[in-house]
Amino acid sequence: MTTEERLEQRCIALESLINSIRNYYSNEETSENQKSFIETVIGAAIWYLPHGKDYWNNKVSKAAINRLKDSADSRLTRDHIYPRKDSAKKLLTEDLNLKGDGSILKELYQTELGKYVLVTPEENRQLIGVQKNHDYGNWEDAYKEANIELIDFE
C-alpha cells in the first residue's frame, strides 16, 4: 500500500469517527473532561496520519540550525504548527461538511493540519505551554512568545 493510499484510507476512517462522535461531543451534558479526552484521541489519530517532508513548511528554528552546525547527527523535532488537540477541536466544532469519504480531511491535512516546522526537542517542549495561549491559526505568534526564531530554509 502506498503512502497516498494509507492517507486516503485513514482520512476516511477518521472522518467517519469524527462524524459519529460529534453529537456526543457537542452535547451540553458532555463534561469538559470528556471533551478534552475526545480531543486528545482525535489529535492522536491526526498524529498517526502519514507525514513526511512534503508537510514541512521549510521553516526551521535558528537554534536547530546552530545545533546541526555543531553536530550533523543532532536530532530535530517536527512541531506541528497547529497543535493536534486544537486541530481536533476544529474538526469537531466547525461545520466542515465532512462527508465521510476522507476528501475534506485529506485536503485540510495536506494544506494545514499536517504542516510542521523543525525545532530542537527543548523548543518543542517550550511551545507546549505557549501554544495553549493562542487562538488556532496564530502559530507564528506562539513561536515569537516562546522566543523561537524561525528562518526559511531553502
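Below: a short report on this structure. (Residues numbered from 1 in each chain as written. Predicted model: local features only at pLDDT ≥ 70, side-chain atom pairs only at ≥ 80, totals over all residues. Heavy atoms only, no water.)

Quick notes on the sheet that holds strand 4 (residues 150-152)
Let me state the cut-off plainly: Strand pairing is defined by DSSP finding a minimum of two bridges between the two strands. In this text, helices come from DSSP runs of H or I with a minimum length of four residues, and strands from runs of E with a minimum of two, each type numbered from the N-terminal end. As a rule, the C-alpha atoms of each element are fitted with a line to give its axis, helices using only the stretch in contact, and angles between N-to-C directions run from 0 to 180 degrees. Working rule for contacts: check all heavy atoms of both residues, and any pair within 4.5 Å makes them a contact.
Read across the open sheet, the four strands follow the order 2-3-1-4; overall the sheet is mixed. Of all the strands in the sheet, the pair left with one neighbour each is strand 2 (77-80) and strand 4. Across the sheet, the mean angle from the axis of one strand to that of its neighbour is 40 degrees, orientation sign disregarded. Note that strand 1 (residues 56-61) and strand 3 (residues 116-119) share two bridges and pair parallel. Paired with V60 across the bridge in strand 3 is L118. Contacting strand 1, strand 2 and strand 3, helix 6 (residues 121-131) crosses the sheet at an angle of about 15 degrees to strand 2.

Section: the nonpolar core
This is how it is decided: Definition of nonpolar core: a set of buried residues of the types Ala, Val, Leu, Ile, Met, Phe, Trp, Tyr and Cys, connected through side-chain atoms within 4.5 Å. Here's how the labels work: a residue is buried when its accessible area is under 20% of the maximum for its type, exposed when over 50%, partly exposed in between, all with a 1.4 Å probe on protein chains only.
Membership of the largest hydrophobic core comes to 25 residues, with the highest contact counts inside it found for L14, I18, I42, L91 and Y109. Of all the elements in the fold, those that place two or more residues in this core are helix 1 (3-26), helix 2 (32-47), strand 1, helix 3 (62-70), helix 4 (84-93), helix 5 (103-113) and strand 3. When residues in this core are grouped by element, the largest group, five residues, is from helix 1. Filtering out sequence-adjacent residues up to four positions away, I42 remains in contact with L14, L17, I18, A88, L91 and L92. Core analysis: the next-biggest nonpolar cluster, separate from the first, contains eleven residues, V119, L127, W139 and Y143 among them.

Things to note about helix 5
Of all the positions in helix 5, only L105, K106, L108, Y109, E112 and L113 are classed as buried. The elements touched by buried residues of helix 5 are helix 1, helix 2, strand 2 and helix 4.

Concerning the pairing of strand 3
A two-sided burial pattern is seen for strand 3, the buried positions comprising Y116 and L118 on one face and V117 and V119 on the other. Of the pairings in the sheet, the one linking strand 2 to strand 3 comprises four bridges and is antiparallel in character. The partner of T77 across the bridge, within strand 3, is V119.

Focus on the packing of aromatic side chains
Which entries qualify depends on this criterion: Here is the rule: rings of Phe, Tyr and Trp (six-membered ring for Trp) pair when centre to centre is within 6.5 Å. Planes less than 30 degrees apart are stacked, more than 60 are edge-to-face, and the remainder are tilted. Whether a charge lies above a ring is judged from NZ of Lys or CZ of Arg, which has to be within 6 Å of the ring centre and within 35 degrees of the ring normal.
Within this structure, the stated rule accounts for three aromatic pairs. On the basis of an interplanar angle of 45 degrees and a centroid distance of 5.6 Å, the ring pair of W56 and F153 is categorised as tilted. One end of the pair, W56, is in strand 1; the other, F153, is in the segment after strand 4, and 97 residues separate them in sequence. Between W139 and Y143 the ring centres are 5.8 Å apart and the planes differ by 90 degrees, which places this aromatic pair in the edge-to-face class. Of this pair, W139 and Y143 both sit in helix 7 (residues 139-145), four residues apart, roughly one helical turn. For W139, a relative accessible area of 12% corresponds to the buried category. Above the plane of the ring of Y25 lies K35, whose end atom (NZ or CZ) is 5.7 Å from the centre. We note R78 situated over the ring of Y116; from NZ or CZ to the ring centre the distance is 5.7 Å.

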